[in-house]
Amino acid sequence: MRFPIWNTGPAYKRVLAHSSPPNLIVTSVYAQEFKRGQDVRTKHLHLRELGFSSCPRLVKSCGQDHSDAVLKAHSVRTAANSAAYLLDSGCIKETSRILDIGCGPGTITCDFAPLVPKGHVIGIETNDDVLEKARAIAQSRNLSNIEFKVGDVHALDFPDASFDIVHTHQVLQHVADPIKSLREMLRVTKPGGVVAARTADFATLAMYPDPDGLIEEWKQLYLAIAHKSGSNPDAG
């Protein structure tokens, strides 16, 4: 069985080579636009002087951050603006069972539910606080075929071949072991199902224009902090 691979690196191809039976892997890379003022450069220089070990809050922000500011930004994500490639693939059927890993406030997850009226959607996150927000959104939309659970992508608490689609958006760059995470996603996906993973690759990220090299300076600082925190900013 042949299956397409988009924007996958050698490490992910090794996962595919050892997966049995093979499943469809969809990965996509995107770059966010950053509009910053000169004060950010001053802040970055100050952080260098302090040293990364003196900035635990900043180091945490490269990992799993569910602060109000981050959740506000994540809440604007929808299936249409963040998973259009999956919506357009034709893979989602009315009976599909979908697992959304790292669902955050659940805005994308809740968008999936109406698409599978005879199926079921499960969203998982690392802590229950953020899931309360996701449950509130589901309730406000009167969704009955959706649930949210605390879970770990490195050790998914589901039997083999449980889902038709396993989706994750901007998660692999934050986990300790993205390869192990992909193996777990493959494990819980049904034969012929879909693992849809979209994440960033900061090493190849390029933006233009870059006034005074500010964006490149930010990127290098982010990469250094992310690696120190145990994240994988080049997972894409």
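Fair warning: this is a prediction, and the values are worked out from it, not measured in the lab.

Asks: Looking at this model, I keep getting lost on unusual backbone geometry. Mind explaining?
Replies: A negative phi angle is the norm for most residues apart from glycine, just as the trans form is the norm for most peptide bonds. Each neighbour pair has its own omega, and for Tyr208 with Pro209 the value is 0 degrees, a cis peptide bond. By the secondary structure assignment, Pro209 is in the loop between β6 (189-198) and α10 (214-228). In this structure, Asn142 takes a positive phi of about 60 degrees despite not being glycine. One can find Asn142 in the loop between α8 (128-140) and β4 (146-150). For Asn142, a relative accessible area of 69% gives the class exposed. Of note, Asp212 is a non-glycine position whose phi angle comes to about 60 degrees, a positive value. Judged by relative accessible area, Asp212 falls into the exposed class, the value being 62%.

Asks: Before we go on, may I ask you to explain α10 in this structure?
Replies: Every α-helix winds through 3.6 residues per turn, so residues three or four apart in the chain are directed the same way. Over its 15 residues, α10 extends 21 Å from the first C-alpha to the last, a length consistent with the 21 Å expected when each residue adds 1.5 Å. Taken as a whole, α10 has its buried residues at Leu214, Ile215, Glu217, Trp218, Lys219, Leu221, Tyr222, Leu223, Ile225 and Ala226. Looking at the residues trailing α10, positive phi occurs at Gly230, about 90 degrees.

Asks: Just checking my understanding: could you explain α8 for this structure?
Replies: The end-to-end C-alpha distance of α8 is 18 Å, a good match for the 18 Å that 13 residues give at a rise of 1.5 Å each. Regarding α8, the residues found buried are Val130, Leu131, Ala134 and Ala138. Down the axis of α8, the buried set is contained in an arc of 100 degrees. They therefore lie on one face. Looking at α8, the residues exposed on the side facing more than 90 degrees away from the buried face are Asp129, Gln139 and Ser140. Near the N-terminus of α8, the side chain that reaches the backbone nitrogen of Asp129, with its oxygen 2.9 Å away, is that of Asn127. Looking one or two residues past α8, Asn142 carries a phi angle of roughly 60 degrees, positive in sign.

Asks: For this particular structure, what's the right way to read the packing of aromatic side chains?
Replies: Note on aromatic pairs: each is described by the distance of the centres and the angle between the planes. Counted under the stated rule, the structure contains one aromatic pair. Ring plane angle 85 degrees and centroid distance 5.1 Å describe the contact between Phe158 and Phe163, whose orientation is recorded as edge-to-face.

Asks: In this structure, what is going on with the nonpolar core? I would like to understand it.
Replies: One broad trend across soluble globular proteins is that nonpolar side chains are buried collectively. In terms of nonpolar packing, the biggest core is built from 22 residues, with Leu86, Ile92, Ile98, Phe112, Val121, Ile146 and Phe148 touching the most fellow members. Of all the secondary-structure elements, those providing two or more residues to this core are α7 (107-112), α8, β4 and β6. Here this core gets four residues from one element, more than from any other, and that element is α8. Leave out the neighbours within four places in its chain, and Ile92 touches Leu86, Leu87, Ile98, Phe112, Leu115, Val116 and Ile165. Listed in part, the 19 residues of the second largest apolar core include Ile124, Leu172, Leu186 and Ala197.

About the criteria used
Just so you know, the residues in each chain are numbered from 1, in the order the chain's sequence is written. Totals for whole chains, interfaces and linings use all residues, but because this is a predicted model, local features are given only for residues with pLDDT of at least 70 and pairs of side-chain atoms are given and counted only at 80 or more. Note that water and hydrogens are dropped before the side-chain values are worked out from all heavy atoms of the structure. Labels follow the DSSP assignment, with helices taken as runs of H or I lasting at least four residues and strands as runs of E lasting at least two, numbered in each case from the N terminus. To sort residues, take the accessible area from a 1.4 Å probe on protein chains only and compare it with the maximum for the residue type: under 20% means buried, over 50% means exposed, and anything in between is partly exposed. Here the expected span of a helix is defined as 1.5 Å times the quantity of residues minus one. Taken from the helix axis, the directions to the C-beta atoms give the arc we talk about. Polar contact is defined as a pair of N or O atoms within 3.5 Å, subject to the rule that within protein one atom must be able to donate a hydrogen and the other to accept it, and that residues adjacent in sequence are counted only when both atoms are side-chain atoms. Between 30 and 60 degrees the pair is tilted, below 30 it is stacked and above 60 it is edge-to-face, where a pair is any two Phe, Tyr or Trp rings, Trp via its six-membered ring, whose centres lie within 6.5 Å. Here the nonpolar core consists of buried residues drawn from Ala, Val, Leu, Ile, Met, Phe, Trp, Tyr and Cys, with membership extended through side-chain atoms lying within 4.5 Å. Only heavy atoms matter for contacts: two residues are in contact if any of them lie within 4.5 Å across the pair.

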